[in-house]
Structure formats: C-alpha cells, structure tokens
Amino acid sequence: MSKVVNFSIPYGKQTIDESDAKAVSRAVLDPLITTGPKVKAFEEALCNYTGAKYCVAVSNGTAALHLASLALLKEGDEVLTTPNSFLATSNSILYAGAKPIFVDIKDDGNIDLDLCEKELKENPNIKAIYAVSFSGKMVDQKKLKYLKDNYSIKILEDNAHAIGARQGDIKAGSCKNSDISIFSFHPVKNMTTGEGGAITTNSKEIFEKLISLRNHGMVKTANMAPWEYEMRELGFNYRLTDIQASLGLSQLEKLDSFLDKRREIAKRYHKSFYGTKIKPLYPYDDGSAYHLFVVRVEYPNKRELFEKLLAKGIGVQLHYMPINRQPYYKSLGYGDEHIPVMDRYFKSALSLPIYPVLGEEEQRYVIEIMKEIVGE
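Please read all numbers here as calculations on a predicted model, not as lab measurements.

Caption draft 1: Structural context of the packing of helix α1 (residues 18-28) against helix α8 (residues 242-273). The contact between α1 and α8 brings their axes to 8 Å, and the two run at 155°. Between α1 and α8, the interaxial angle falls into the category roughly antiparallel. The two elements α1 and α8 meet at a crossing, and its hand is right-handed. In this structure, α1 contributes S19, D20, A23, V24, A27 and V28 to the contact, and α8 contributes D242, I243, S246, L247, S250, Q251 and K254.

Caption draft 2: Quick look at helix α3 (residues 61-72). With 12 residues, α3 extends 16 Å from end C-alpha to end C-alpha; this agrees with the ideal 16 Å at 1.5 Å per step. Regarding α3, its N-cap is N60, as a side-chain oxygen of that residue lies 3.1 Å from the backbone nitrogen of T62 further along.

Caption draft 3: Examining the nonpolar core more closely. Counting residues in each nonpolar core, the largest one holds 44 residues, and the members touching the most others are Y269, V297, L309, L350, L352 and M370. Mapped by element, the contributors of at least two residues to this core are α8, β13 (293-297), α9 (302-311), α11 (340-348), β14 (349-352) and α12 (360-374). It is α12 that contributes the most residues to this core, six residues altogether. Ignoring anything within four residues of it in the chain, the contact list for L350 reads F293, V294, V295, V297, L305, F306, L309, V316 and Q317. L72, Y130, I182 and L213 belong to the second largest nonpolar core, which has 26 residues in total.

Caption draft 4: Examining the packing of aromatic side chains more closely. Under the defined criterion, the tally for this structure stands at 15 aromatic pairs. Aromatic pair F134 and Y345: ring centres 6.0 Å apart, planes at 85°, arrangement edge-to-face. Here F134 is found in the loop between β4 (126-132) and α6 (141-150), whereas its partner Y345 is found in helix α11, with 211 residues between them in sequence. The pair F134 / Y345 is uniform in exposure class, with both members buried. Ring centres of Y284 and Y290 lie 5.8 Å apart, and the angle between their planes is 10°; on these two criteria the pair is classed as stacked. Its relative accessible area of 29% is what places Y284 among the partly exposed residues. When its relative accessible area of 1% is taken as the criterion, Y290 is described as buried.

Caption draft 5: Highlighting the sheet that holds strand β9 (residues 197-201). The strand order across the open sheet formed by seven strands is β1-β9-β8-β5-β4-β2-β3, and the pairing between neighbours is mixed. Two strands close off the open sheet at either side, each with one partner strand: β1 (54-58) and β3 (99-102). Across this sheet, the average inter-strand angle for adjacent strands is 20°, counted without regard to direction. Where β1 lies against β9, five bridges are found, and the strand directions are antiparallel. Paired with C55 across the two strands is T200, which belongs to β9. Across the sheet, helix α2 (residues 37-50) lies against β1, β8 (180-184) and β9, angled at about 130° from β1, the strand it touches most. Running over the sheet, helix α5 (residues 113-122) touches β2 (78-81) and β4 and is turned about 170° from β4.

Caption draft 6: Region of interest: the packing of α5 against α6. Between α5 and α6, the least distance of the axes is 10 Å, while the angle of their chain directions is 10°. Comparing the axis directions of α5 and α6 gives the class roughly parallel. The chirality of how α5 crosses α6 is left-handed. Taken together, the residues of α6 that come into contact with α5 (itself represented by L113, D114, E117 and L120) are K143, L144, Y146 and L147. Among the residues making up the contact of α5 with α6, the classes are represented as five nonpolar, no polar and three charged.

Calculation notes
- Residues numbered from 1 in each chain as written.
- Predicted model: local features only at pLDDT ≥ 70, side-chain atom pairs only at ≥ 80, totals over all residues.
- Heavy atoms only, no water.
- Axes fitted to C-alpha atoms, helices over the stretch in contact; angles between N-to-C directions.
- Helix = DSSP H or I, 4+ residues; strand = E, 2+ residues; numbered from the N terminus.
- Parallel < 35°, antiparallel > 145°, perpendicular 65-115°, else oblique.
- Left-handed = near helix turned anticlockwise from the far one by under 90°.
- Contact = heavy atoms within 4.5 Å.
- Expected span 1.5 Å × (residues − 1).
- Polar contact = N/O pair within 3.5 Å; in protein donor to acceptor, adjacent residues only side chain to side chain.
- Core = buried A, V, L, I, M, F, W, Y, C linked by side-chain atoms within 4.5 Å.
- Buried < 20%, exposed > 50% of the residue type's maximum accessible area, 1.4 Å probe, protein only.
- Phe/Tyr/Trp six-rings, centres within 6.5 Å; stacked < 30°, edge-to-face > 60°.
- Pairing = 2+ DSSP bridges.
- Nonpolar A, V, L, I, M, F, W, Y, C, P; charged D, E, K, R; others polar.

Pasting the structure below:
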C-alpha cells in the first residue's frame, strides 16, 4: 500500500491569525515573560467563560491531570475511568499512587455512568470517577450529579476535548457536578497556547493546593521577609508562561467562532453520510465542542482502510486504542476487563478531519473519498 508522510488534510490543526501573532509579540517584549499578569488574566478569563470560581493555568493538559489527581486522591484509592481516552487520563491516577479501574463506554464514546454506579455499589474502595468528555460531548450531567450526591466520591471531568461544550445550561469546566475539571490547549485542541492546560474548581481548598503544587510546593506569605519562602510539600514546576497566556487570551476571544465552524462541518458530515455505511458516532449535538468527528465504518481490513485514506491525503486517526490493553498496563495486570462496547468501537472507529480552517472544498473531498473507498 502507498503511504503519505505529509498529509494535505490533517485530522486537526491550530487556527492562528495575525491578532494572535501580535499578542504573542507584545508579550515577548514585556518585562516579565514567565508566570505573571497575563497568566492571571488568562485564569480570570477562563473562570468568566466557564463559570467556575477558580482556575489554575499549567504547562500542559497532563500536568493539569497530575496536579488534579494529587489534589483529589490518596495512595491506594481506586478510581473508575474510561479505556477510551489519551493515556494521560489514567496515567495521572497512577502518578498519585492510586489504582485505575476501567469501565466500559457507551455508544457515544463516553464512560458508561450506569456501569460506574454498579461498580460503586459493589466496591467501597472506589473513591473517584474520572469522566472524559470524549470528542467534545459532555457526559450525562444529570447522572453525574446523582452519583456525586448519592455516593462519597470525588469526580474529575477530563474536558481536554471539550472547552466550549455545554449540556443544557451547564458549561464544560463549570464544575457544577464535579470537584475538578481540566483542559488541554495542545495545538489540535479547540484553542491553543502552544502547549498548556488549565484546572478549574469551585473549591478554595483545592485551588490553594493546586497553586502550591504548581510551583514546587512553595508558599510565600505577606509577613515573610522579601527573600523568604517555605516549601511545605513536594511540588513541581508546571507553570505557564505569560507568552503562552497571551496567546490563550487571544484565542479565547475567538473560541465561540471556532466552535461555530466546527459545528458547521459536523452538520455537513452528518447530512452527507446519512443513510450510508459511514455512521457518525452520535446524532448531531449542538452542545458538543466537536474537537473530534468520529465515524464508525464496518470495513474488512481497518489498516487497509486507513492506508487508502492516507494515500489520498486525508489524515484520519484513531481515538483511541484501549488504554487497558497497552503493554505497560498489561504488565500491571490489566487487559482482561469485560468492555465489549469499547472493543466494538475500536474495531470500527476513525476520526475525520475537523478544524475551523478546513475549507468547504476540502470537506467535500473528504466526504467524496470516504464514500468512494467505503463503497458508497
């Protein structure tokens, strides 16, 4: 099979314009370019956007998950999470000395919260749920609230895919039904700071712990001498720079327009694939942030399907391989979990290109080639 190294149409791509470049150029010339006033302004803007009380900006989404896990978990805690995510979600549980328990997904790609409740009833050692808003679609907020209200657990929403998503009047990152939410600002996400992430919460106690952990566990109080500081716990250097925060502020102003364009593309895909063998993962949802547009295709040889699309310059991807079946996790004793929905998903799913600057001609090309190869 022929292969393409440089895709003409990637599955995801940042949207950077002249206003972003100017914001970064101005920040580079400021006296303070590491964590400073721009980071604080970015955190406040994210609070205003999401409705959360507190926000801590960090160096990347994995750092956000790591600090969130240290704030929520204790060593030995058992945590329900999904096999359908990037490795960082469950890895962060391991970072905190806790134990992931993988729960099957629903047909929309999100963790099955009904199965989570079944696990909670049977296992008193479960202390938390890590729910991923896969592809930009938030998990069932009514069910999440029910679990939070009726069980003594912590809840983290991994919203790395979902900034700007909503369910009813609940916005991703508001933490209405969770203790912590995290975001990623990697370039393929819905907005970017180059690399970067953020944690939102409505708990002052969690917020203060996150602030300390972000900066080496150091604390400086008003009554200390100018040179004094105290290290009160083992922390990390997970700070965001003012340069990155300046890009984030500029991007955040345009986020809603980015989301409008993603939803327009999603609508076109839905309409074009209706009644064909190419099945969108879930019915069109105007509350989804559509970081990804996933379809399910029954095709005899998945590798052959991918290679044919790549050879046509269409940068499809798979999100994700089951985490519990990765070699490292198998070495820890995972891999035999009963996750039939995830297994079916893995065999048939692929992510199509979707990003704000994906032109109509490119969209039509993706649709045409998909139908041609799949046999429509």
